[in-house]
Amino acid sequence: MTLRAKVWTAALEDLTRVGAHAVAAGLALASGGNLSVRRAGSPEFVVTGRGTFLDRLAPDSFALMNLDGETLDGVDPSSEWKLHQRTYLARPDITAIVHLHPQHVVLLDALGKRIRQLTLDHVAYVPVINRIPFYPNGSDELADAAADASIGCDCVVLGNHGCSTLSTSMDDAYRKAQNLESAAIATYRMLLLGDETTEFPRELRATAIHR
Ligand SMILES: [Zn+2]
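All of these numbers come straight from a predicted model, not from anything done at the bench.

(A) How the structure looks around the pattern of salt bridges. Counting across every chain of the model gives 15 salt bridges. Among the salt bridges present, the one from Arg-17 reaches Asp-171, with a minimum N-O distance of 2.9 Å. Separated by 154 residues along the polypeptide, Arg-17 in helix 2 (residues 9–24) and Asp-171 in helix 7 (residues 170–192) bring together distant segments of the chain. Judged by relative accessible area, Asp-171 falls into the partly exposed class, the value being 42%. Each of Arg-91, Asp-93, Asp-154, Asp-172, Arg-175 and Lys-176 takes part in salt bridges that share partners, so that together they form one network.

In structure tokens form, the structure reads like this:
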């Protein structure tokens, strides 16, 4: 990357570390999924490049873009760059977006099964889960629907596709994706056991915070 993009070095290291972990954890396959960060209040963001494998990210794997959708530096952006751009426009309070393809999340959503929060961590990190139907990869429809669903919600399931989780740091956005898949796995196991209703007690949800 050029000098302009080198100011993002620490952020790129975060993206590279999270990308490698996400693939190792089975939350993305091959070139699926993409990640982005921006600085608070900045109209510029860095997103993983088109076709990049998240477990092979290097300093030249990224595109620097602005919120008008212009590529300012680096490589061609991910085909899902609009998902990141529109969500940043809808949520000026967040500075990191993790878009992955977790298998149990997508499976349960496709079956019409609500993902249930079972543990303290699920309730603390993904208290609200929104979903949108399938839209083509990279489309305005997908980006706009996901951005609308992210109003007041940091965790959006994209039907027959994956999920998008948001936060003020890459690590926390990734933690939300991890906990979403964990909740989906717990729900999947409960369904296998014939259980359709168990979840974290509603009356105790207010106490489910990490102090
Ligand atoms: Zn995707």
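The structure having been displayed, the exposition proceeds.
(B) Just the coordination of the zinc ion, in detail. All of the protein donors around the zinc ion are His-99 (NE2), His-101 (NE2) and His-161 (NE2); their distances to the metal are 2.0 to 2.1 Å. Binding-site remark: the zinc ion is held by donors from one chain whose sequence spacing is H-x1-H-x59-H.

(C) Summary view of the environment of Thr-198. Tracing the sequence through the fold places Thr-198 in the segment after helix 7. For Thr-198, a relative accessible area of 32% gives the class partly exposed. If we ignore the near neighbours within four places in the chain, the residues touching Thr-198 are Arg-116, Leu-118 and Met-190. Here the side chain of Thr-198 touches Asp-195 through a polar contact of 2.5 Å, side chain to side chain.

About the cut-offs
- Residues numbered from 1 in each chain as written.
- Predicted model: local features only at pLDDT ≥ 70, side-chain atom pairs only at ≥ 80, totals over all residues.
- Heavy atoms only, no water.
- Salt bridge = Lys/Arg side-chain N within 4 Å of Asp/Glu carboxyl O.
- Helix = DSSP H or I, 4+ residues; strand = E, 2+ residues; numbered from the N terminus.
- Buried < 20%, exposed > 50% of the residue type's maximum accessible area, 1.4 Å probe, protein only.
- Donors = N, O, S within 2.8 Å, 3.2 Å for Na, K, Ca; no water.
- Contact = heavy atoms within 4.5 Å.
- Polar contact = N/O pair within 3.5 Å; in protein donor to acceptor, adjacent residues only side chain to side chain.

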